[in-house]
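What follows is each chain in one-letter form.
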Amino acid sequence: MRYLLPLGAFIVLVIFLGIGLKLDPKEVPSPLIGKPAPQFSLPQLHAPEQNFSPEQMKGKVWLLNVWASWCVSCREEHIHLSEFARTGIVEVVGLNYKDEPEDAKKWLSLLGNPYLLSISDKEGKAGLDWGVYGVPETFVIDKKGVIRHKQTGPVNPEILQNVILPLVQTLNGEAS
Amino acid sequence: MKLAMILLVLFSCSLHAEIKIYDFKDPALEQRYQGLTEELRCLVCQNQNIADSHAELAEDLRGKVYELLNKGESDAQIVEYMTNRYGDFVLYRPPLKSKTLILWLAPILTVLLGAFGFWAVLRKRDKPQEHLSDAERRRIEELLKRKSE
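Residues numbered from 1 in each chain as written. Chains lettered and ligands numbered in written order. Predicted model: local features only at pLDDT ≥ 70, side-chain atom pairs only at ≥ 80, totals over all residues.

### Overview of the sheet that holds strand E6 (residues 137-141) of chain A
Residue and element names in this part refer to chain A. Strand order in the open sheet formed by five strands is E5-E4-E3-E6-E7, and the pairing between neighbours is mixed. Edge strands, defined here as strands with exactly one partner in the open sheet, are strand E5 (117-121) and strand E7 (147-152). Adjacent strand axes in the sheet meet at a mean angle of 20 degrees when their direction is disregarded. (Pairing = 2+ DSSP bridges. Helix = DSSP H or I, 4+ residues; strand = E, 2+ residues; numbered from the N terminus. Axes fitted to C-alpha atoms, helices over the stretch in contact; angles between N-to-C directions.)

Encoded structure:
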């Protein structure tokens, strides 16, 4: 009986610490989930005379992947993202965030280009509107142009298979 | 050796990134800039506000605060601009809502719990401790009586 209270307190503490260990403090829930994707109009990386705006993707489920040639974990996720894009299940648009177009193009020709197209966001203005704070980030946008999911940090096969793929499949089934 | 050390110290200082200073024509605006950047939290260095952080994102956000202030937006509008993009997480003082209730109530509850524990211990200590049976008490009285005789 004497030890019941300290033991109970200890167990509660361990449970809370256990939960705390599993949480990722870097993962901040985005207020943009369920909201229309912020608009922008920025030059394409490979065709600077042409602008791209998210409006153009209306009616399609698509991914916006924020990347940069200076970003180390982008390199890490690149192979998995490329493999995923190759299945053709969803189109991936790249947002080249705060990067030099020359460096970015070199990076893509070296590692392969999984993107439908990339957008050059040299000053990070679109990134700011999309609440980007840790490159790489991946957004899933539905046919109506609403953001449905955000992955902060590099994607891996597990996330792609268990989170992104099922979501894309459900969204593909929705009416536009 | 000494010279090398001095050079090292001097050199390492010059490597520190500097926080860009913005010029304000209106000191009241500068004051508001100070207040806002101290209240907004950096998402990269999560334990720093954007006034103190050297992270590139913090730099961008400071620039944005400066820009919006000069556009004549109110503090509330600027805070809204930030929370629309980054959520309540950017606020060092998040608003009181059902999701943040535990955040606001936990300190009060902890103090109350502590006070209760303290009170319980004190009460226990105040009580005279008697575990003597009647037979023992009789024997004590007997012994005391014998001593005084």
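The rest of the description comes next.
### Thoughts on the pairing of E6(A)
All names here are of chain A. The buried count for E6 comes to five of five residues, which makes it a mostly enclosed element. Alternating residues of E6 divide into Glu-137, Phe-139 and Ile-141 and Thr-138 and Val-140, and every residue in both groups is buried. Pairing of strand E3 (residues 62-67) with E6 involves five bridges; the strand directions are antiparallel. Looking at E6, one finds that Leu-63 is bridged to Val-140. With five bridges joining them, E6 and E7 adopt antiparallel strand pairing. When the bridges of E7 are listed, Phe-139 appears paired with Lys-150. In this structure, the hairpin formed by E6 and E7 is closed by a connection of five residues, where Gly-145 is found at a positive phi of approximately 85 degrees. (Buried ≥ 20, exposed ≤ 12 C-beta atoms within 10 Å, placed from the backbone.)

### With respect to the packing of helix H2 (residues 27-39) of chain B against helix H3 (residues 56-70) of chain B
Residues and elements named next belong to chain B. Look at H2 against H3: their axes get within 10 Å of each other, and the N-to-C directions meet at 145 degrees. You can see that H2 and H3 cross each other, and the crossing is right-handed. Across the interface between the two elements, Leu-29, Arg-32, Tyr-33, Leu-36 and Thr-37 from H2 touch Arg-62, Val-65, Tyr-66 and Leu-69 from H3. When its residues are assigned to classes, the contact of H2 with H3 shows six nonpolar, one polar and two charged. (Left-handed = near helix turned anticlockwise from the far one by under 90°. Contact = placed C-beta atoms within 7 Å. Nonpolar A, V, L, I, M, F, W, Y, C, P; charged D, E, K, R; others polar.)

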